[in-house]
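A closer look at the structure
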Amino acid sequence: MTTQLQIAVLGAGYVGSAVAREAAAHGHAVWAVRRNAPEIGARDGITWLHGDLTTAPIDGLPARLDAVVLTVAPSRGTDGYDSTYPPAARAAVTIACERSARALVYTSSTGVYGGRDGAWVTEASPRLGAGESNAALIAAEDILLSAPVPSVTVLRVAGIYGPGRDPRGRMRNASALAQRGEYWTNLAQRDDIVAAVLHAVQLPAGSRSLNVSDGTPEQAATVARWLIRLEGGDPDELQFGNEAQRSRNDQRVSNDALVATGWLPRYPSFREGFASGL
């Protein structure tokens, strides 16, 4: 992005705070809203604001914004998905409309597709994900996609990993993997997600959904064997079990549509991402 933009990041947690930092590093004016802001006021090009999108209006945002980014997540053990995602989506639409924002970007999840027994899914695939969390994510998507904002992008993000969020311990625990590790995993490194968000801010007018993943699905057992081999162990000694438990997201996620818009992952598979340091 070459033109300085005014960007609000709503729900600046693990992904959102990284979006705010990257946008500020590129010279954009950023307002980052979260329930527990690290420090109120301006710092390193970011104006941090306390606020809860689900309960009250947000004070301190500028009168005009170029883009609104929604990366909200429920608090562990306190807020349910249904009481977080749809209300936050409605608040984001209100903020974007009141401040004449051109772009509205929302980070959803590939979990909305549900398990497909290893089949490929694209943005045209039906959203079959069951349960409270997916129902809330789908409801929020619908609110955003119908918003009267020139450019609306719903980013359906695969399994997130990166600094401070290391899945390797879970993935190498062969005996705990569902269905003997014979299910497909889809991952997205946080830096690639951040790049996708800032890329989406610049997309032309229209409403769209785009999958964010590295585009290289792997079976969980393959990841476990690779990790053990990397550490000097013998993959043949891994004991896979837990056959009765089924994975809820056994599918292969295509990122072709996002790539077609000009985005490319820095980490095109878990191998590069895990080797980058977490």
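Quick note: structure is the one above.
The sections below set out a description of the structure shown in this document. (Residues numbered from 1 in each chain as written. Predicted model: local features only at pLDDT ≥ 70, side-chain atom pairs only at ≥ 80, totals over all residues. Heavy atoms only, no water.)

Another aspect to go through is the packing of helix α2 (residues 85-98) against helix α3 (residues 132-145). Two quantities define a packed helix pair, namely the angle between the axes and the distance from one axis to the other. Contact geometry for α2 and α3: axes closest at 8 Å, N-to-C directions at 15 degrees. The angle between the axes of α2 and α3 places the two elements in the roughly parallel class. Crossing of α2 against α3: the hand is right-handed. Across the interface between the two elements, Y85, P86, A89, R90 and V93 from α2 touch A136, L137, A139, A140, I143 and L144 from α3. (Axes fitted to C-alpha atoms, helices over the stretch in contact; angles between N-to-C directions. Helix = DSSP H or I, 4+ residues; strand = E, 2+ residues; numbered from the N terminus. Parallel < 35°, antiparallel > 145°, perpendicular 65-115°, else oblique. Left-handed = near helix turned anticlockwise from the far one by under 90°. Contact = heavy atoms within 4.5 Å.)

Compared with the 20 Å implied by 1.5 Å per residue over 14 residues, the 20 Å span of α2 between its first and last C-alpha is a close match. The buried fraction of α2 amounts to 10 of the 14 residues, a majority that puts the element mostly inside the structure. Within the span of α2, buried status applies to Y85, P86, P87, A88, A89, A91, A92, V93, I95 and A96. Buried residues along α2 sit in contact with β1 (6-10), β5 (67-70), β6 (103-109) and α3. Looking at the residues trailing α2, positive phi occurs at S100, about 55 degrees. (Expected span 1.5 Å × (residues − 1). Buried < 20%, exposed > 50% of the residue type's maximum accessible area, 1.4 Å probe, protein only.)

With that out of the way, let us pick up α3. For α3, spanning 14 residues, the distance from its first C-alpha to its last is 20 Å, which sits close to the expected 20 Å at 1.5 Å a residue. All of the buried residues in α3 are S133, N134, A136, L137, I138, A140, E141, I143 and L144. Tucked inside the fold, the buried residues of α3 contact β5, α2, β6 and β8 (151-157).

Once that is clear, we can look at the pairing of strand β2 (residues 29-34). Within β2, five of the six residues are buried, which leaves the element mostly enclosed by the surrounding structure. Where β1 lies against β2, five bridges are found, and the strand directions are parallel. Pairing of A8 across the sheet is with W31, part of β2. Between β1 and its parallel partner β2, the chain crosses via helix α1 (residues 14-25), and the hand of that crossover is right-handed. Bridge count between β2 and strand β4 (residues 46-50): five bridges; the pairing is parallel. Bridging across to β4, R34 finds its partner in H50. (Pairing = 2+ DSSP bridges. Right-handed = clockwise from strand over helix to strand, strands pointing away.)

On inspection of all chains with the given rule, the structure shows nine salt bridges. For R156, the salt bridge goes to E141, with nearest N and O atoms at 2.8 Å. Here R156 is found in strand β8, whereas its partner E141 is found in helix α3, with 15 residues between them in sequence. Taken individually, R156 and E141 each receive the classification buried, so the pair is uniform in this respect. With its nearest N and O atoms 3.6 Å apart, the salt bridge here joins R266 to D191. Placement of R266 in the loop between α7 (256-260) and α8 (270-275) and of D191 in helix α5 (residues 190-201) is noted, with a sequence separation of 75 residues between them. Relative accessible area serves as the criterion here: at 28%, D191 is assigned to the partly exposed category. Each of R127, E141, D142 and R156 takes part in salt bridges that share partners, so that together they form one network. (Salt bridge = Lys/Arg side-chain N within 4 Å of Asp/Glu carboxyl O.)

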